[in-house]
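A closer look at the structure
These are the residues of each chain, in order.
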Protein chains: 2
Amino acid sequence: MKILHSTPTEDGFFMPAEFERHSGCLMIWPERADSWQYGAVEARKAFAEVAHAIAQSERLTVFTSFEGYDTARKMLEEHIRVIEMSSDDSWARDVMPTFVKNSEGEIRGIDWGFNAWGGLIDGLYFPWDKDNRMARKCCDLLELDVYDKRAFIMEGGAIHVDGQGTAIVTEACLLSRGRNPHMTKQEIENELKKYLGVTKVIWLPYGIYLDETNQHVDNICAYVAPAHVVLAWTDDENDPQYNMSVKCLKVLENEKDARGRKIKVTKLPLPNPVYITKNECEGLVDFDGEPTRKPDERLAASYVNFYISNSAIIMPAFDDEHDDEAADILRDIFKDRKIIQIQARNILIGGGNIHCITQQIPE
Amino acid sequence: MKILHSTPTEDGFFMPAEFERHSGCLMIWPERADSWQYGAVEARKAFAEVAHAIAQSERLTVFTSFEGYDTARKMLEEHIRVIEMSSDDSWARDVMPTFVKNSEGEIRGIDWGFNAWGGLIDGLYFPWDKDNRMARKCCDLLELDVYDKRAFIMEGGAIHVDGQGTAIVTEACLLSRGRNPHMTKQEIENELKKYLGVTKVIWLPYGIYLDETNQHVDNICAYVAPAHVVLAWTDDENDPQYNMSVKCLKVLENEKDARGRKIKVTKLPLPNPVYITKNECEGLVDFDGEPTRKPDERLAASYVNFYISNSAIIMPAFDDEHDDEAADILRDIFKDRKIIQIQARNILIGGGNIHCITQQIPE
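Residues numbered from 1 in each chain as written. Chains lettered and ligands numbered in written order. Predicted model: local features only at pLDDT ≥ 70, side-chain atom pairs only at ≥ 80, totals over all residues. Heavy atoms only, no water.

This part covers the overall build of chain A. Scanning chain A from terminus to terminus reveals eleven helices and 19 strands. In terms of overall size, chain A behaves like a compact globule, its C-alpha atoms giving a radius of gyration of 19 Å where 363 residues would be expected to give roughly 21 Å. Based on the C-alpha atoms only, the size of chain A along its principal axes is roughly 50 × 50 × 45 Å. Counting across all 363 residues of chain A, residues that qualify as buried make up 64%. One finds the centroid of the 41 positive side-chain charges in chain A at a distance of 4 Å from the centroid of its 60 negative side-chain charges. (Helix = DSSP H or I, 4+ residues; strand = E, 2+ residues; numbered from the N terminus. Rg over C-alpha atoms; globule rule 2.2 N^0.38 Å. Buried < 20%, exposed > 50% of the residue type's maximum accessible area, 1.4 Å probe, protein only. Lys, Arg positive; Asp, Glu negative; His and termini not counted. Charge placed at Lys NZ, Arg CZ, Asp CG, Glu CD.)

All names here are of chain B. Mapped onto the secondary structure, Glu 189 falls in helix α7 (residues 185–196). By relative accessible area, Glu 189 is classed as buried at 12%. Not counting residues within four places of it along the chain, the set of residues in contact with Glu 189 comprises Val 201 and Trp 203. (Contact = heavy atoms within 4.5 Å.)

Moving on to the interface of chain A and chain B. Counting residues at the interface gives 23 residues for chain A and 23 residues for chain B. Between chain A and chain B lies a buried interface of about 2300 Å² when both sides are counted; carbon and sulfur atoms form 46% of it. Counting across the interface, chain A meets chain B through ten salt bridges. Two residues, Glu84(A) and Lys137(B), come together in a salt bridge whose shortest N-O distance is 2.4 Å. At the boundary of chain A and chain B, one finds 18 residue pairs in polar contact (both at pLDDT 80 or more). When residues of the side of chain A that touches chain B are traced back to their parent elements, those giving at least two are α2 (69–75), β4 (81–84) and α5 (129–142) of chain A. Broken down by element, the side of chain A that touches chain B gets its largest block of residues, seven residues, from α5(A). (Buried area = accessible area lost by both parts, 1.4 Å probe. Salt bridge = Lys/Arg side-chain N within 4 Å of Asp/Glu carboxyl O. Polar contact = N/O pair within 3.5 Å; in protein donor to acceptor, adjacent residues only side chain to side chain.)

Screw-axis analysis of chain A against chain B gives a translation of 0.0 Å along the axis, an RMSD of 0.0 Å, and a rotation angle of 180°. When the rotation and shift are considered jointly, the pair of chain copies conforms to a two-fold rotation axis. Taken as a fraction of all interface residues of chain A, those also at the interface in chain B reach 100%, which identifies the copy contact as same-surface. (Least-squares fit on C-alpha atoms with pLDDT ≥ 70 in both.)

The next point concerns the pattern of salt bridges. Inspection of every chain in the model, using the stated rule, returns 56 salt bridges over all chains. Note that Glu78(A) and Lys2(B) form a salt bridge whose closest N and O atoms lie 3.6 Å from each other. Within this pair, whereas Glu78(A) is found in the loop between α2 and β4, its partner Lys2(B) is found in the segment before β1 (3–4), the two belonging to separate chains. The partner of Arg345(A) in a salt bridge is Glu280(A), with the nearest N and O atoms 2.6 Å apart. Taken together, the residues span a long stretch of sequence, with Arg345(A) in helix α11 (residues 345–348) and Glu280(A) in helix α9 (residues 278–282) at a distance of 65 residues. With a relative accessible area of 28%, Arg345(A) lands in the partly exposed category.

Moving on, we get to the nonpolar core. Core analysis: the largest hydrophobic core is formed by 156 residues, its most contacted members being Phe63(A), Ile314(A), Phe63(B), Phe306(B) and Ile314(B). Setting aside residues up to four positions removed in sequence, Phe63(B) forms contacts with Leu26(B), Met27(B), Ile28(B), Trp29(B), Ile83(B), Met85(B), Met96(B), Met134(B), Cys138(B) and Leu141(B). Ile168(A), Leu270(A), Ile276(A) and Ile308(A) belong to the second-largest nonpolar core, a separate cluster that totals 47 residues. (Core = buried A, V, L, I, M, F, W, Y, C linked by side-chain atoms within 4.5 Å.)

Residue and element names in this part refer to chain B. Spatially, three strands are ordered β16-β17-β18 in an open sheet, and the strand pairing comes out mixed. Two strands bound the open sheet, and with one partner strand each, they are β16 (307–308) and β18 (338–343). With two bridges connecting them, β16 and strand β17 (residues 312–317) associate as antiparallel partners. Pairing of Tyr 307 across the sheet is with Ile 314, part of β17. Along the sheet, helix α1 (residues 41–55) makes contact with β16, β17 and β18, crossing β18 at roughly 170°. (Pairing = 2+ DSSP bridges. Axes fitted to C-alpha atoms, helices over the stretch in contact; angles between N-to-C directions.)

Residues and elements named next belong to chain B. By the element assignment, Cys 138 lies in helix α5 (residues 129–142). Note on Cys 138: relative accessible area 0%, which makes it buried. With sequence-adjacent residues up to four places away left out, Cys 138 is seen in contact with Leu 26, Phe 63, Met 85, Met 96 and Pro 97.

This part takes up the packing of aromatic side chains. Enumeration over the complete set of coordinates arrives at 22 aromatic pairs over all chains. Between Trp112(A) and Tyr195(A) the ring centres are 5.9 Å apart and the planes differ by 55°, which places this aromatic pair in the tilted class. A residue pair is termed long-range when its members are at least 10 positions apart, and Trp112(A) in strand β6 (residues 107–113) and Tyr195(A) in helix α7 (residues 185–196) qualify at 83 residues. Like Trp112(A), the residue Tyr195(A) is buried in the burial classification. Taken together, Trp112(A), Tyr147(A), Phe152(A) and Tyr195(A) form an aromatic cluster joined through their ring pairs. Geometry around Phe66(A) places Lys130(B) over its ring, the cationic atom sitting 5.1 Å from the centre. Over the ring of Trp233(B) we find Lys267(B); its NZ or CZ atom is 4.1 Å from the centre of that ring. (Phe/Tyr/Trp six-rings, centres within 6.5 Å; stacked < 30°, edge-to-face > 60°. Lys NZ or Arg CZ within 6 Å of the ring centre and 35° of its normal.)

Shown next, in the form of structure tokens:
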């Protein structure tokens, strides 16, 4: 593994879209007792369901602690690779490399800085040193060269790209005080251009209400094809999310992508608000003397947090009246892919969803 | 990774000789403070020298703890892969899989039981659960199917094969009370035949004097070609090793290999006895309240403990008058390979040598 101090864009590398073909996928086994209720038993089942859905068409590697290995190995099908690697939690999207490729198909990783979504300002746990080392170690394992960008705080969930020069991000996240507060919006945009191989960055103002990542884009808006996104939507004007989604829609309607195309926006309904129960909260151990969640806290549930595998859309379900409608919309968009719905409440409780616990490796 | 409960021999698999071509090699980074003096600083340098010698012609993977990763990554050349995996110590030969292959070139691993060279009877440390899990996890990583033989205690250093039906072992080791005391010699031999694909097992009585592995064969005798071994030798009749080597020689002179050939024995001189110093002992932390070594203890130094890489013989040197003679003998045998001598005192102090800290993967 070479550690590179040039930038992907100057080297002819760019981040492909998720809807392009993958050579594989990465996940991390859930173990953290203040994230995953009742010893992570139900979370593990949900993660295993996601893993099995992905492994139908992709070579999947699941990372686990030493302690978690045996359980992961037992619960995961034998064609899934299980490898020990220390982590602080299970958010592969955010701690694994962002992969870029060039026109010859060579793949490299980007090792962003990771500080648990806000460091000592509004991060979600401390320390995060194990997470922060994973991207580089993953490139070492995969024998890929890696760009050292640890000085810049970024997560995979904070960016979506079309693979044709356009990135979508949220101001709420990228301009948050806990990430790169010494940089202006323009400076941050310039870094994305240097590293993702994009020429256009579209800034949505918000993500999902109460999303504790400072509103990652991947929970509200995702590219489903060139010049086509889905946007999480509610028609309930009393929901704080309503105005947030309206403002994002306005940006998208008034923007063009890197190739000058208008962007088609398909609204994906939100589930009815999901609240954590007292019983679920009792299953979470405290962190640093404080509970990580409180009963009746609203969780940032969204159908947009799906994973696009080579053969399927693996999307969350919430035992909600909108589950089928959301699935139908995605089925209509992804005509060549199977729609796999996974009951995701036990992932959501941890603070994210299916897209957050996966990271694709382009082919 | 499939976990197999059949046996390699019935599946058409066998262990190739070390002098055949390798696809790669495995090592484990030294860290244990009761094995490696003064914070393992000198041991790491020696391991890195061995690694770099191997990596000249083989794809090398070095496993390390989370804590050891950064140092290993810094000290090892960038084309060497460094991967996190928990271990109890650094003896890749004994804790990594023994690899077998079939006539189509498919590779599988054997996951022997490991109990730190004697378990609670005369093992060298406790616990050994991390070591005991490594072979299977390594196969998982390499995406190789693995034979589950954890019920049988065995180490890679306890066997040498010619890849043509013959294995050489020592009675001192394989019949030790701490390994498989419920089995007869014949039963143990039968297991070797089932797992290594051999039809003949040659039992040397001894290994090297004071070798704390219960005298592994790989410190006294090694195959260098079909029907040709080197044997550690001293002409000093007052050395306890003298009678041990004489008895081994007699066995070899009176045995034929699996193909009915007489075995050529080349004597490889031993270095003059090597003793650990008081200063070196002070650099080792105690284990379970007791020192692991005492000043002036004799160490089981032997030139036989070399590694045969695709392009080189990587052999220990002891700053001893016999270093050159031993190298010349191996140079004469391995005409197509470079002889690389590495000052190995800092590996020897840990209790083994270059062969013990490596494990080849056949091509």
